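Tertiary structure, described
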Amino acid sequence: MTVFNAFLKVLNKSKSVIIVYTVILIIFAGFNMQTNEQSTSFIATKPDILIINNNKEEGITKNLITYIKENSNIIDVKNSEEAINDALFYRDVNYIIYIPKNYREDFLDGKKPEIEVKSTGDYQASFAEMLLSRYLNIANTYLDDIKDEKELIDKINEVLSKEAKIEITSKLDTNGLEKATFYYNFANYSILAGCVYVICLILSTFKEEKISKRTIISSMNYKKYNRQLLISNILLAVILWFLYVVLSFILVGNIMFTIHGLIYIINSFIFTMCSVTIAFLIGNIVRNKEAINGIVNVIALGSSFLCGSFVPIEYLPKFVVKIAHILPSYYYINNNEKVASLEIFNMKTLTPILINIGIVLIFTFLFIIITNFVSKKQRKVA
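Residues numbered from 1 in each chain as written. Predicted model: local features only at pLDDT ≥ 70, side-chain atom pairs only at ≥ 80, totals over all residues. Heavy atoms only, no water.

The residue Pro 317 is located in the loop between helix H12 (292–307) and helix H13 (318–324) in this model. Given a relative accessible area of 38%, Pro 317 falls into the partly exposed group. For the pair formed by Pro 317 and Leu 306, sequence separation is 11 residues and the distance between their alpha carbons is 9.7 Å. (Helix = DSSP H or I, 4+ residues; strand = E, 2+ residues; numbered from the N terminus. Buried < 20%, exposed > 50% of the residue type's maximum accessible area, 1.4 Å probe, protein only.)

What follows is the structure, given as structure tokens:
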């Protein structure tokens, strides 16, 4: 109890730091909630297409142009190659279709005339290419059986008029899951920074010469001493974690009452325990209180940037992701991302998440072992 009482006295002086990191989490999480308050429904956008027609606009040629016009925005550009290339370069058009001379006659004769195209290569250009390919594939398919042009055009239009029925089978609240994932990913920084800063500050106080000497000459075993300090730190971390979980219910909403929310909470608790052991190890190595700010920046900010807390992991360079694998934050954040895509909960789907949790627990026990070793060495030196 002596160690615990001393711990509480020092903690009382450090409460402002916990408040600061909590406020940071609320501000960034709240900002993200606002930016995500928008519809996630899909709306197809029409590509901007330029048609250069060197054939008479009649028959199958006219029908092709009409189909393209109905499904895109037709752009007019000065009929010069320089103006056309400039329009493509500056993204005034996404796709250019060159209909060759005698296209209609050659097509009906089965010569399969080639339509040349130019493209920006973006997603709208891909959509334009899909439109053109769809029409030509249908036309070529029926050309072998239908020789009459009017009958062929009617058949093409009949097929094109049929739209596939799309049914959304996923029942996931994607908007809520995105909010929860962002919140708990960002909590990586708040939990780690809060634990490292406060615990290191507390332990540095215990490492002061007068207190340290009293501890060494006391009858208390160093393992018991470390255990009491570790339990005190865990209590602090649990309070911090519980505060962040309560905030998640307020900021994220109903998704936290689902099984997804439960997994987010369990995952964050395991990571919080790991953060305590990281802080406990650093606190046993570092004695200088002035160095703590720098350590927080290196550990909390560094791991948050490397592991995808601030920037989604898919946007990070491959070599950065490889480095991130040596940090527990990577497995914690990776779990959050996996939870967001879970629809079915069984042993097969939960196994990757359990593996990541197991890796974080291995890190936790490893830090405890290293801390005991360092503490023992320090006592012998003292």
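Having seen the model, we can carry on.
Looking at the secondary structure, you find Leu 251 in helix H10 (residues 222–251). For Leu 251, a relative accessible area of 23% gives the class partly exposed.

With that settled, consider the packing of aromatic side chains. All told, the structure shown has 16 aromatic pairs when counted by the stated rule. With a centroid separation of 5.6 Å and an interplanar angle of 10°, the aromatic rings of Tyr 184 and Tyr 264 are classed as stacked. Note that Tyr 184 is positioned in helix H8 (residues 174–206) and Tyr 264 in helix H11 (residues 259–285), a separation of 80 residues in sequence. Just as Tyr 184 is buried, Tyr 264 falls in that class too. Here the aromatic cluster, defined as three or more aromatic residues joined through ring pairs, consists of Phe 182, Phe 186, Tyr 189, Phe 305 and Phe 310. (Phe/Tyr/Trp six-rings, centres within 6.5 Å; stacked < 30°, edge-to-face > 60°.)

It is worth spelling out the nonpolar core at this point. Judged by nonpolar contacts, the single largest core of 66 residues is most densely connected at Tyr 184, Cys 195, Val 196 and Met 256. For this core, the secondary structure elements donating two or more residues are H8, H10, H11, H12, H13, helix H14 (328–340) and helix H15 (347–381). Of all the elements, H8 adds the most residues to this core, at 19 residues. For Cys 195, the contacting residues outside a window of four places in its chain are Cys 200, Ala 237, Leu 240, Ser 275, Val 276 and Ala 279. Within the second largest apolar cluster, 27 residues are counted, among which are Ile 65, Tyr 95, Tyr 135 and Ala 139. (Core = buried A, V, L, I, M, F, W, Y, C linked by side-chain atoms within 4.5 Å. Contact = heavy atoms within 4.5 Å.)

Taking 1.5 Å of rise per residue, 27 residues should cover 39 Å, and H11 covers 40 Å from first to last C-alpha, within 8% of that figure. Counting buried residues in H11 gives 22 out of 27 residues, a clear majority hidden from the surface. (Expected span 1.5 Å × (residues − 1).)

Turning next to the confidence of the model for the chain. Caution applies to low-pLDDT regions: their predicted coordinates should not be interpreted in detail. Confidence in the prediction for the chain averages 83 pLDDT; 81% of positions are at 70 or higher. Helix H9 (residues 209–217) is the least confidently modelled element of the chain, averaging 59 in pLDDT, while H14 averages 94, the highest of any element. (pLDDT = per-residue confidence, 0-100.)

Next up on the list: the sheet that holds strand S3 (residues 95–99). One open sheet holds the 4 strands; their spatial order is S2-S1-S3-S4, and the pairing between them is mixed. Of all the strands in the sheet, the pair left with one neighbour each is strand S2 (73–74) and strand S4 (116–119). Relative to S2, strand S1 (residues 48–53) runs parallel, the two sharing 2 bridges. The residue of S2 that forms the bridge with Ile 49 is Ile 74. Against the sheet, helix H6 (residues 123–143) engages S1, S3 and S4, with an angle of about 30° to S3. (Pairing = 2+ DSSP bridges. Axes fitted to C-alpha atoms, helices over the stretch in contact; angles between N-to-C directions.)

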